[in-house]
Amino acid sequence: MSVTDLGMPAFPAAAARSTRDTRLRANLRYATHTIRDKRARAVGELSDWAQLRAAGRAIKDRTLRHLDHYLERLEEAVTAAGGQVHWAADAAEANRIVTRLVRATGEREVVKVKSMATQEIGLNEALAEAGISAYETDLAELIVQLGKDRPSHILVPAIHRNRSEIRDIFRTEMGSWGRPAPDGLSDRPTELAEAARLHLREKFLRAKVGISGANFMVAETGTLVVVESEGNGRMCLTLPETLISVVGIEKVVPTWQDLEVFLQLLPRSSTAERMNPYTSMWTGTTDGDGPRTFHLVLLDNGRTDTLADTVGRQALRCIRCSACLNVCPVYERAGGHAYGSAYPGPIGAILTPQLRGTASALDASLPYASSLCGACYEVCPVAIDIPEVLVHLRERVVEGGKVVRGGMRTVIQPAKGHAAERAAMRAAGFVFDRPGVLRAGQRLAARTRRLHPRRLPGPGHAWSDTRDLPPVPAESFRDWWQRTRGAERGDGREEGAK
Amino acid sequence: MSSRDVVLARVRRALADVPRAAGPEETAVPRDYLRSHGELPTDDIVQQLAENLADYRAIVHDIDAAGLPGLLAHLLGERGSRSVVAPAGLPPEWLADCDLEVVPDVPETTPGELDAVDSVVTGSAVAIAETGTIVLDGSPDQGRRRITLVPDHHICVVRVPEQVVASVPQALERLAPRRPLTWISGPSATSDIELDRVEGVHGPRTLEVVLVTSRAPL
């Protein structure tokens, strides 16, 4: 995953390719349906889920609305506990800071915990340019890294790969990164997991620098929280001498008590478990236990721009559970790669165009990667109204308007490709405001209906490629009403029906 | 202008619409969710803990205090462990019946040396019944975080009922944020390959939880 993805095709083009991949679609369908069913059961165990969801939403809103306050508290608490806090306005600055911190240790390799933030900023690529090898240690991230691939799901990033592909990747690639795959490796998941355990263990045992993200940061206490399943997180957070955590500024929560909400919402929404196997919490450094040096890099990279949008800022509530991916009919068919960023699925469709802006064709197409069915909003544990933000962002793409980019207020122009839609909507608005014009138009359409083409000419052509034009009835509803009821009740005033 | 100032200034500009004079309290947080799910009597909470631990593939044992050393010796012997890490504050009588090398938890031990140890025995800080979770907080009977991570076999002793709470909110009330905390719910696991659950990736592949009661068994 690179930072910019300049070469990525827009969502429709990428989805047109991925939807033809039948194996990918079968894998995705199985995965998303399995997780969503399990999740429903795990959530169903808690009678107060709705109350927890409301609390989670409110805690995140409170944090976002006073983010400067909580970031300053967090910085104080982390510093008081022996940590060092760094601030990065964008991806390039975050990468420079981390590279400098790793170089200062004299080490040339680091072990990494799965982290969305470091994927977003392209940290591994930046470290590689500086001659530093970054080893992903989550099993799925390892599969992705060895396969020179990109993650396709927030929770299970290698879900697009099946077991025999994974075996082949391990056989051919493990040797050039470290300990090779055992001879005669089969495609049984237990054997593949064992191969990963052996391959990574030598890296964990000698690692001097660990890099992580965090699921939560507690402003009150300076505590960071990482939830995980495999134990690779614990390895990276505990064994190295230096720990560097790169965390988006929106990951802060006000108080220790607030964790009682999120540690119930996140595991059940994400892996559909009562609790994930391992959760690590650390506050600064601890004498004689774990890293002696702890750096926290607080990352903006478009988050404050998102915060400036009063409708769009709710996307920053996201706790990265991936429940919205698993219920989305578009994600299920298109797969994660089509979204062209670290954040796939419905949440990616509203987060990426806000973090990066809508200047590229890909980013401008993302708000359209949805049927607006609303399933994502239903399952979201912090009640992000994703359809509302999608519609809001579509309006921005079509109409242009005032936004904040890189901290600067700016006005974006309406997207060119939407001129016809904009003209059509303006015309529709004019007609709907004028019943006489609407009536004349409807009657004309009804009389000429035999002459209507099956497909639209000109700029409407693309739209009608994939849709049937609705047939025009012989008589409009308004005329029918007027003829059958209006006369009967002596109520002929058309304006009254408006 | 430092990047810190840049980011904080951006945040403040972005929040121009928020009435800030009243402070964070202007956004109300409803806390009408439950402190625990169901008002179970203590014995049932311990039972729920045992069931949920087992549901996530931990091996659960019940014993009274007098029987603990014998049980630990039996479990370590059954597994064929030749060495066990013991945190400095582990009650010495716990391993009194064991005939194997006891490796102390000291700062000088390297991760590689720990990797050669077969098992680890610790106490715990608190256990959560609803989620089947045990929490370690680095107290003297639990030791450094790495000793419960690198060896492949972890036996964790929970004193029941006093160390057991029903819920996540009750557990957080008992824990000190300044201590390094590890929450453990079953052995490490992955579902990264076709969602097939595989137990045991990097952490201990076998987790045994001993629920020890000071009362004599009925």
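Residues numbered from 1 in each chain as written. Chains lettered and ligands numbered in written order. Predicted model: local features only at pLDDT ≥ 70, side-chain atom pairs only at ≥ 80, totals over all residues.

Draft legend 1. Quick peek at the overall build of chain B. Assigned secondary structure in chain B consists of five helices and twelve strands. Over its C-alpha trace chain B gives a radius of gyration of 22 Å, far above what one expects of a compact globule, namely 17 Å for 218 residues. Once the C-alpha set of chain B is aligned to its principal axes, its extents read approximately 70 × 45 × 40 Å. Considering chain B as a whole, with its 218 residues, one finds that 49% of them fall into the buried category. Of the contacts made within chain B by residues no fewer than 6 positions apart, 71% connect residues no fewer than 24 positions apart. (Helix = DSSP H or I, 4+ residues; strand = E, 2+ residues; numbered from the N terminus. Rg over C-alpha atoms; globule rule 2.2 N^0.38 Å. Buried ≥ 20, exposed ≤ 12 C-beta atoms within 10 Å, placed from the backbone. Contact = placed C-beta atoms within 7 Å.)

Draft legend 2. Quick peek at helix 19 (residues 386-399) of chain A. All names here are of chain A. For helix 19, spanning 14 residues, the distance from its first C-alpha to its last is 20 Å, which sits close to the expected 20 Å at 1.5 Å a residue. All of the buried residues along helix 19 are Ile386, Val389, Leu390, Leu393, Arg394, Arg396 and Val397. Viewed along the axis of helix 19, the buried residues span an arc of 160°, placing them on a single side of the element. (Expected span 1.5 Å × (residues − 1). Arc of directions from axis to C-beta.)

Draft legend 3. Quick look at the sheet that holds strand 4 (residues 209-212) of chain A. Residue and element names in this part refer to chain A. Ordered by their spatial adjacency, six strands build an open sheet running 1-10-7-4-2-3, and the pairing between neighbours is parallel. Since the sheet does not close on itself, it has two edges, and those belong to strand 1 (84-88) and strand 3 (133-136), each with one partner. Strand after strand, the sheet turns through a mean of 25° between neighbouring axes, direction not considered. (Pairing = 2+ DSSP bridges. Axes fitted to C-alpha atoms, helices over the stretch in contact; angles between N-to-C directions.)

Draft legend 4. Region of interest: the nonpolar core. Core analysis: the largest hydrophobic core is formed by 201 residues, its most contacted members being Val246, Leu299 and Cys324 of chain A together with Val158 of chain B. Look past the residues within four positions of Val246 of chain A in its chain and what remains in contact with it is Ala94, Val98, Ser115, Ala117, Thr118, Leu123, Ile211, Gly213, Val297 and Leu299 of chain A. (Core = buried A, V, L, I, M, F, W, Y, C linked by C-beta atoms within 7 Å.)

Draft legend 5. Quick peek at unusual backbone geometry. Here the residue pair Val160 of chain B and Pro161 of chain B is connected by a cis peptide bond, since its omega of 0° sits within 30 degrees of zero. Tracing the chain through its elements places Pro161 of chain B in the loop between strand 7 (153-160) and strand 8 (164-165). Phi angles above zero are rare outside glycine, and Ala272 of chain A is one such case at about 65°. Of note, the phi angle at Ser322 of chain A is positive, near 80°, even though the residue is not glycine. Looking at the element boundaries, Ser322 of chain A is found in the loop between helix 13 (303-307) and helix 14 (323-327).

Draft legend 6. Structural detail: the sheet that holds strand 12 (residues 206-213) of chain B. Residue and element names in this part refer to chain B. An order of 1-12-7-4-2-3 is seen for the six strands of this open sheet, with the pairing classed as parallel. The outermost strands of the open sheet, each flanked by one partner alone, are strand 1 (59-64) and strand 3 (101-104). Taken over all neighbouring pairs, the strand axes of this sheet differ in orientation by 25° on average, direction set aside. Pairing of strand 4 (residues 119-122) with strand 7 involves four bridges; the strand directions are parallel. What sits directly across from Ser119, in strand 7, is His153. Together, strand 1, strand 2 (83-86), strand 4, strand 7 and strand 12 form the strand contacts of helix 3 (residues 68-79), whose direction differs from that of strand 12 by roughly 165°.

Draft legend 7. Geometry of the environment of Ala196 of chain A. On the secondary structure map, Ala196 of chain A appears in helix 10 (residues 189-206). A count of 29 C-beta atoms within 10 Å places Ala196 of chain A in the buried class. When near neighbours in sequence (up to four residues on either side) are disregarded, Ala196 of chain A contacts Leu139 and Leu142 of chain A together with Val201 of chain B.

Draft legend 8. Structural context of the pairing of strand 9 (residues 278-283) of chain A. Within strand 9 of chain A, six of the six residues are buried, which leaves it mostly tucked inside the rest of the structure. Burial along strand 9 of chain A is two-sided: the face carrying Tyr278, Ser280 and Trp282 of chain A and the face carrying Thr279, Met281 and Thr283 of chain A are both buried. As paired elements, strand 6 (residues 223-228) of chain A and strand 9 of chain A share six bridges and run antiparallel to each other. Opposite Val226 of chain A, over in strand 9 of chain A, you have Ser280 of chain A as the bridge partner. Looking at chain direction, strand 9 of chain A and strand 9 (residues 181-184) of chain B are connected through four bridges and run antiparallel. Residue pairing across strands places Tyr278 of chain A opposite Ile184 of chain B, the latter belonging to strand 9 of chain B.

Draft legend 9. Seen up close, the interface of chain A and chain B. Listed by partner, the interface residues are 79 residues for chain A and 63 residues for chain B. The element best represented in the side of chain A that touches chain B is helix 3 (residues 49-65) of chain A, accounting for nine residues.

Draft legend 10. Inspection of the confidence of the model for chain A at higher detail. Residue and element names in this part refer to chain A. Mean pLDDT for chain A: 92, with 96% of residues reaching 70 or above. Predicted confidence for residues 1-6 stays below pLDDT 50, and this span has 13 contacts to residues more than four positions away or in other chains. Low pLDDT (under 50) marks residues 494-498, which in the prediction has six contacts with non-local residues, meaning those over four places away or in another chain. (pLDDT = per-residue confidence, 0-100.)

Draft legend 11. Summary view of the environment of Arg62 of chain A. Following the sequence through the fold, Arg62 of chain A ends up in helix 3. For Arg62 of chain A, a count of 21 C-beta atoms within 10 Å gives the class buried. When the C-alpha positions of Arg62 of chain A and Ala428 of chain A are compared, they lie 40 Å apart, and in sequence the two are 366 residues distant. Setting aside its immediate chain neighbours within four residues, Arg62 of chain A contacts Pro254 of chain A together with Pro24, Thr27 and Val29 of chain B.

Draft legend 12. Looking closely at the packing of helix 9 (residues 163-177) of chain A against helix 10 of chain A. Residues and elements named next belong to chain A. Axis separation between helix 9 and helix 10 bottoms out at 10 Å; the angle between their running directions is 25°. The angle between the axes of helix 9 and helix 10 places the two elements in the roughly parallel class. The handedness of the crossing between helix 9 and helix 10 is left-handed. From helix 9, Arg163, Ile166, Arg167, Phe170 and Met174 reach across to helix 10, where they touch Pro189, Leu192, Ala195 and His199. Tallied by class, residues from the contact of helix 9 with helix 10 come to six nonpolar, one polar and two charged. (Parallel < 35°, antiparallel > 145°, perpendicular 65-115°, else oblique. Left-handed = near helix turned anticlockwise from the far one by under 90°. Nonpolar A, V, L, I, M, F, W, Y, C, P; charged D, E, K, R; others polar.)

Draft legend 13. Representation of the pairing of strand 6 of chain A within the structure. Residue and element names in this part refer to chain A. Summarising burial for strand 6: six of the six residues are buried, a large majority. Neither face of strand 6 is left uncovered, since the one carrying Thr223, Val225 and Val227 and the one carrying Leu224, Val226 and Glu228 both have all their residues buried. Both strand 5 (residues 216-218) and strand 6 contribute to a ladder of three bridges, which runs antiparallel. Across the sheet, Val218 pairs through a bridge with Thr223, a residue of strand 6. In textbook terms, the turn of a hairpin is the stretch between consecutive antiparallel strands, and for strand 5 and strand 6 this stretch comprises four residues, one of which, Gly222, has a positive phi near 80°.

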